[in-house]
Amino acid sequence: MSARELAEPYPFVSTDDDATTAALLLAEHQLPALLVVDTDEQPYAIVPGSQLIGQLLPEYALEDPPLTAVLDDRCLDDVPERMAGLTVAEWLPRRRFWAPVVGPDAGVLQIAALMARAHSPLVAVVERDGDRAQLVGAVTAARLMERLIGGS
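These lines cover the structure that appears in this document, whether it is placed above or below. (Residues numbered from 1 in each chain as written. Predicted model: local features only at pLDDT ≥ 70, side-chain atom pairs only at ≥ 80, totals over all residues. Heavy atoms only, no water.)

### A word on the side chain of Ser2
Definition in use: In DSSP terms, a helix is any run of H or I states spanning at least four residues, a strand is any run of E spanning at least two, and both are numbered starting from the N terminus. The buried label goes to any residue with under 20% of its type's maximum accessible area, the exposed label to any with over 50%, and the partly exposed label to all in between, with areas taken from a 1.4 Å probe on protein chains only. Throughout, a residue-residue contact means that at least one pair of heavy atoms, one from each residue, lies within 4.5 Å.
If you trace the backbone, Ser2 turns up in the segment before α1 (3–6). Classification of Ser2 by relative accessible area gives buried; the value is 17%. Not counting residues up to four positions away in its chain, the partners in contact with Ser2 are Pro104, Asp105 and Ala106.

Below is the structure:
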């Protein structure tokens, strides 16, 4: 089975889009990761939701886990204000999450190996025609697992 057959439409945002809108997209569609494209709609990054949540936490919560057990959630009340006005590019973690990409003819083994190496819950499928490239969709870990174990 090829990437073209496994790929499904997957919502994406641009680096220039509003970060709050991107966060709502992730939440409303229960996405495992945010697929970010550049201004030419080419895959820019695939960022797991857990890493985006980390961007919303105060620094001390990440640096001192025992402290989070004794604090209440009021420190998160300002999350919407801190995100207001940020673009997706400004919200993304400093550590760059590259976008694992395959062509439409890639096989299951190639997709699975790339997904595992990249620690990414999805792989973008891009079709190239000369200098032009078009995002076909994405293969999610759930779709790939279904194929690997023979689910529904």
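### Section: the pattern of salt bridges
Short version of the rule: By definition here, a salt bridge exists when the distance from a side-chain nitrogen of Lys or Arg to a carboxyl oxygen of Asp or Glu is within 4 Å.
Tallied over the full model, the rule gives four salt bridges. For Asp105, the salt bridge identified is with Arg4, shortest N-O distance 4.0 Å. Here Arg4 lies in helix α1 and Asp105 lies in the loop between β4 (101–102) and α8 (108–118), a separation of 101 residues in the sequence. With a relative accessible area of 66%, Asp105 lands in the exposed category. Notably, a salt bridge pairs Arg143 with Glu146, separated by 3.1 Å at the nearest N-O pair. On the criterion of helical spacing, the pair formed by Arg143 and Glu146 is a turn pair, its members being three residues apart in helix α9 (residues 141–149). Residue classification places Glu146 among the partly exposed residues on the basis of a relative accessible area of 26%. Taken together, the shared-partner salt bridges in this structure form one network comprising Arg4, Asp105 and Glu127.

In short, shape yes, function no, at least from these values alone.
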